[in-house]
Amino acid sequence: MASGNSETINLDTLSAQQLSQVKKQLDEELEHLTSSFAQLHAAQSKFRECLRCVQDKNKAPALREDSSILVPLTNSLYVRGTLASASHVVVDIGTGFYVEKDVKSAADFYENKVNEVGVNIKDLEAIVQGKTNNVRVVEEVLRQKMVAGPQQAPPS
């Protein structure tokens, strides 16, 4: 997520042009981090939905062995199928790999994923907050330089 090089720069020593470049770089980083933040929230929502489905599976009377079901191949394409086992599910563990698990271990898997992504969201939130504060400081120093700039120019 964040680069490991966190060097301190005295903003007062930078020119207005350099400050503008620093602000532009911080804005780009902030945009990328905000996008990642939204993607993590979406992933967490998907894992929560998977967890809900696995937990509700035992409560659904229609999910019995040999019952007819629709199997999703994509978001909009489904094929008919027959439920072979009501006690096992196929879990997408990432990068196109699927594993057959019993319902309890599948629920544990998704619960761990929800918690893991939640921790990542909190970490990223702290990073975004820090970058936002950095942008505010750079903007303030840039504003001060712009206001002081015409006053420091020698009279002609």
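Before reading further, recall that the structure is shown in the block above.
Definitions and cut-offs
- Residues numbered from 1 in each chain as written.
- Predicted model: local features only at pLDDT ≥ 70, side-chain atom pairs only at ≥ 80, totals over all residues.
- Heavy atoms only, no water.
- Phe/Tyr/Trp six-rings, centres within 6.5 Å; stacked < 30°, edge-to-face > 60°.
- Helix = DSSP H or I, 4+ residues; strand = E, 2+ residues; numbered from the N terminus.
- Buried < 20%, exposed > 50% of the residue type's maximum accessible area, 1.4 Å probe, protein only.
- Core = buried A, V, L, I, M, F, W, Y, C linked by side-chain atoms within 4.5 Å.
- Contact = heavy atoms within 4.5 Å.
- Pairing = 2+ DSSP bridges.

### Things to note about the packing of aromatic side chains
Phase 1: With the rule as written, the count across this model stands at two aromatic pairs.
Phase 2: With a centroid separation of 6.2 Å and an interplanar angle of 40 degrees, the aromatic rings of F47 and Y110 are classed as tilted. Taken together, the residues span a long stretch of sequence, with F47 in helix 1 (residues 16–57) and Y110 in helix 2 (residues 103–152) at a distance of 63 residues.
Phase 3: Between F109 and Y110 the ring centres are 5.3 Å apart and the planes differ by 70 degrees, which places this aromatic pair in the edge-to-face class.
Phase 4: Classification of Y110 as buried rests on a relative accessible area of 7%.

### With respect to the nonpolar core
Phase 1: Counting residues in hydrophobic clusters, the biggest one holds 15 residues, and the most contacted among them are L11, L19, L40, L124, V128 and V138.
Phase 2: For this core, the elements supplying multiple residues, two or more each, are helix 1 and helix 2.
Phase 3: Once residues within four sequence positions are removed from consideration, L11 is found in contact with L19, V137, V138, V141 and K145.

### Remarks on the pairing of strand 2 (residues 78–82)
Along a regular strand, successive side chains alternate from one face of the sheet to the other.
Phase 1: Bridge analysis of strand 1 (residues 68–72) against strand 2 gives five bridges, and the strand direction is antiparallel. Paired with I69 across the bridge in strand 2 is G81.
Phase 2: Once strand 1 ends, the chain turns through five residues before running back antiparallel as strand 2.

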